[in-house]
Amino acid sequence: MQEKLSVIKESRAFQLIVTAIILLSSIVVGVGTYEIVNDLFLRILLVLDIFITIFFVVEILIRFFAEHRKVDFFKSGWNIFDLIIVISVSYTHLRAHET
C-alpha cells in the first residue's frame with residue numbers, strides 16, 4: 001500500500017490535480033469575499049469548499065502514508081504547513097456544522 005501511495009504522490013497527474021485544486025480553492029475564497037445574495041450560488045460555493053477541504057485531507061493522508069518512515073513526513077516544512085492549514089480548515093468546517 002505504501003508503495004502504491006508513493007507512486008501516486010510522485011506522479012505528475014497527482015501534482016497537477018493538486019495545483020488545480022489549489023487554484024480552484026483560491027477562486028472560491030476570492031468569490032466568497034463578495035456579498036452574494038443568490039442562495040443557489042452560496043450553496044455551490046459551500047459544496048465546493050467542502051469538496052476542496054476533503055480533497056486536501058485525502059492529499060495529506062496520501063503524502064503521509066506514502067512515506068516509508070512516517071517521521072520523514074514531518075521533516076518537510078511544506079508538509080507541516082499544509083497539515084496545519086488542513087487541520088484548521090477541517091476544524092472550522094466541523095464547528096460550523098455542529099447542531
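Residues numbered from 1 in each chain as written. Predicted model: local features only at pLDDT ≥ 70, side-chain atom pairs only at ≥ 80, totals over all residues. Heavy atoms only, no water.

Peer 1: Before we move on, could you go through helix H2 (residues 12-32) and cite the residues and values that matter?
Peer 2: For H2, which comprises 21 residues, the first-to-last C-alpha distance of 30 Å matches the rise-based estimate of 30 Å (1.5 Å per residue) to within 8%. Looking at H2, one finds that the buried residues are Phe14, Val18, Ile21 and Val28. Taken around the axis of H2, the buried residues stretch over an arc of 85°, which confines them to a single face. Seen from the buried face of H2, the exposed residues on the opposite side, beyond 90 degrees, are Arg12, Leu23 and Ile27. For H2, the elements touching its buried residues are helix H1 (2-10) and helix H3 (39-66). (Helix = DSSP H or I, 4+ residues; strand = E, 2+ residues; numbered from the N terminus. Expected span 1.5 Å × (residues − 1). Buried < 20%, exposed > 50% of the residue type's maximum accessible area, 1.4 Å probe, protein only. Arc of directions from axis to C-beta. Contact = heavy atoms within 4.5 Å.)

Peer 1: How would you explain the layout of surface pockets if you had to name every residue and give the values?
Peer 2: Each pocket or cavity is described by its volume, and for the largest pocket that value is around 590 Å³. Lining of the largest pocket is provided by 21 residues; of these, Ile22, Phe56, Glu59, Asp82 and Ile85 occupy positions nearest its centre. Those elements that place two or more of their residues in the lining of the largest pocket are H2, H3 and helix H4 (77-96). Per-element tally for the lining of the largest pocket: the top contributor is H4, with seven residues. Taken together, the residues of the lining of the largest pocket sort by class into eleven nonpolar, four polar and six charged. (1 Å grid on protein atoms, 1.4 Å probe; cavity = no way out; pocket = protein on both sides within 12 Å on 5 of 7 lines; lining within 4 Å. Points joined across faces, edges and corners; volume = space filled by probe spheres on them. Nonpolar A, V, L, I, M, F, W, Y, C, P; charged D, E, K, R; others polar.)

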